[in-house]
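Residue-level structure breakdown
For reference, the chains in residue letters:
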Amino acid sequence: MIKIFFRPTFVRQVNKLDEDLIEEVHEKIEFFKHKKNHEMLKVHKLHGRFSNCLSFSVNYKVRIVFEYCSANEVAFLAIGGHDVYK
């Protein structure tokens, strides 16, 4: 199982989301903890200035950007729509 750390920016962004969306985020984070679910979540490597990061979809509009700290530890950096990549 993957251990997740939440950066302060990520926590602030989550707290600004609608209650229904926050519930969906928590569900997807639980799925994410098991590597076998990464394909379903569409985990993919990012490019450009985010080349050391990956992301996955919460829904069609919202993504979570993260980076690996070690083989079984990740840090969630940001959450939002495609503008989170800017």
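Refer to the structure above for everything that follows.
Heads up: these notes are all about the structure in this document.

Let us look at the overall build of the chain. For the chain, the helix and strand inventory stands at two helices and five strands. Ordered by position from N to C terminus, the α and β elements of the chain give β-α-α-β-β-β-β. The C-alpha atoms of the chain give a radius of gyration of 12 Å, which matches the 12 Å a tight globule of 86 residues would have. By sequence separation, contacts in the chain at least 24 residues apart represent 47% of the contacts at least 6 residues apart. With an accessible surface of roughly 5600 Å², the chain has 53% of that area assigned to carbon and sulfur atoms. Positive and negative side-chain charges in the chain, numbering 14 and 11 respectively, have mean positions lying 8 Å apart.

Further remarks concern the environment of Leu41. Relative to the helices and strands, Leu41 resides in the loop between α2 (19-32) and β2 (44-45). Separated by 10 residues in sequence, Leu41 and Phe31 have C-alpha atoms that sit 8.1 Å apart. Residues within four places of Leu41 in sequence aside, it is in contact with Lys28, Phe31, Phe32, Phe56 and Ser57.

So, about the side chain of His38. Along the chain, His38 turns up in the loop between α2 and β2. Look at His38 and you get buried, because its relative accessible area is 10%. Excluding residues within four positions of it along the chain, His38 makes contact with Ile2, Phe32, Val43 and Tyr68.

What follows covers a negative patch on the surface. A grouping of Asp18, Glu19, Asp20, Glu23 and Glu27 is seen on the molecular surface, where their side chains present a negatively charged patch. Overall, the relative accessible area of 43% leaves Glu27 in the partly exposed class.

Quick notes on the rules
- Residues numbered from 1 in each chain as written.
- Predicted model: local features only at pLDDT ≥ 70, side-chain atom pairs only at ≥ 80, totals over all residues.
- Heavy atoms only, no water.
- Helix = DSSP H or I, 4+ residues; strand = E, 2+ residues; numbered from the N terminus.
- Rg over C-alpha atoms; globule rule 2.2 N^0.38 Å.
- Contact = heavy atoms within 4.5 Å.
- Areas by Shrake-Rupley, 256 points an atom, 1.4 Å probe, with all protein chains shown as cover.
- Lys, Arg positive; Asp, Glu negative; His and termini not counted.
- Charge placed at Lys NZ, Arg CZ, Asp CG, Glu CD.
- Buried < 20%, exposed > 50% of the residue type's maximum accessible area, 1.4 Å probe, protein only.
- Patch = residues over 30% accessible without salt bridge, like charges linked within 9 Å, V, L, I, M, F, W, Y side chains within 5 Å.
- Salt bridge = Lys/Arg side-chain N within 4 Å of Asp/Glu carboxyl O.

In short, geometric facts, not functional conclusions.
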